[in-house]
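Listed below, chain by chain, are the residues.
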Amino acid sequence: MIKNKVEKFPIHEDCPVRNVFDRFGDKWSVLILIALDTVPQMRFNELHKGIDIISQKMLTVTLKTLEADGLVKRTMFPQIPPRVEYALTERGKSLIPHIHNLVAWSKEHMSDIQASRAAYNKQLV
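Residues numbered from 1 in each chain as written. Predicted model: local features only at pLDDT ≥ 70, side-chain atom pairs only at ≥ 80, totals over all residues. Heavy atoms only, no water.

Comments concerning the nonpolar core
Formed by 21 residues in total, the largest nonpolar core has its most connected members in Ile-32, Leu-33, Leu-36, Leu-47, Leu-63, Val-72 and Tyr-86. Of all the secondary-structure elements, those providing two or more residues to this core are α3 (29–38), α4 (44–50), α5 (56–68), β3 (83–88) and α6 (90–124). When near neighbours in sequence (up to four residues on either side) are disregarded, Leu-33 contacts Phe-24, Leu-66, Leu-71, Val-72, Leu-88, Leu-95, Ile-96 and Ile-99. (Core = buried A, V, L, I, M, F, W, Y, C linked by side-chain atoms within 4.5 Å. Buried < 20%, exposed > 50% of the residue type's maximum accessible area, 1.4 Å probe, protein only. Helix = DSSP H or I, 4+ residues; strand = E, 2+ residues; numbered from the N terminus. Contact = heavy atoms within 4.5 Å.)

Next comes the structure, spelled out in structure tokens:
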């Protein structure tokens, strides 16, 4: 029985569950997607100010990763100075309701999770 379930989620790069969860297990991807859902088109500096604790380097790296996954599109406008805007793609927009559900679940259960952690840590002492 367990073997059948493990085979459904193989431990390699082609596993859709691990592949997607690895992407959203980072510190910034979900925040960037939520920001772009709130304001549909944002310039780099607007995103940086909106998520003020992210470094410019991490914002750049994360945006490139989200763009590579087809969740965010980057539009460059041919003007001086150059203007670049970021927006969610249709794929990115389709992920937003799931993120909102996860946020709602987190809010609903966070105090219980914190209590469980405290009780667990008490056992370790």
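A look at the pattern of salt bridges
Taken as a whole and assessed by the stated rule, the structure comprises two salt bridges. One salt bridge connects Glu-85 with Arg-83, and the closest N-O pair in it is separated by 3.0 Å. The class of Arg-83 is partly exposed, set by a relative accessible area of 22%. Here Lys-93 ties to Glu-90 by a salt bridge, and the two come within 3.4 Å at their closest N and O atoms. (Salt bridge = Lys/Arg side-chain N within 4 Å of Asp/Glu carboxyl O.)

Observations regarding unusual backbone geometry
Note that the residue after Ile-80, namely Pro-81, is joined by a cis bond; omega there is -5°. Here Pro-81 lies in the loop between β2 (72–77) and β3.

Quick word on the sheet that holds β3
Spatial ordering of the open sheet is given by β1-β3-β2, a layout of three strands whose pairing is antiparallel. Each having just a single partner strand, β1 (41–43) and β2 make up the two edges of the open sheet. Shown here is a sheet whose adjacent strand axes are inclined to one another by a mean of 30°, direction ignored. Summarising the sheet, β2 and β3 pair through six bridges and their orientation is antiparallel. Each bridged residue has a counterpart across the sheet, and for Thr-75 the counterpart in β3 is Glu-85. (Pairing = 2+ DSSP bridges. Axes fitted to C-alpha atoms, helices over the stretch in contact; angles between N-to-C directions.)

A look at the pairing of β3
Within β3, five of the six residues are buried, leaving the element largely enclosed by the surrounding structure. Pairing geometry for β1 and β3, over three bridges, is antiparallel. In the strand pairing of β3, Gln-41 is matched with Ala-87. What sits between the antiparallel neighbours β2 and β3 is a turn of five residues.

Geometric values such as these leave the question of function open.
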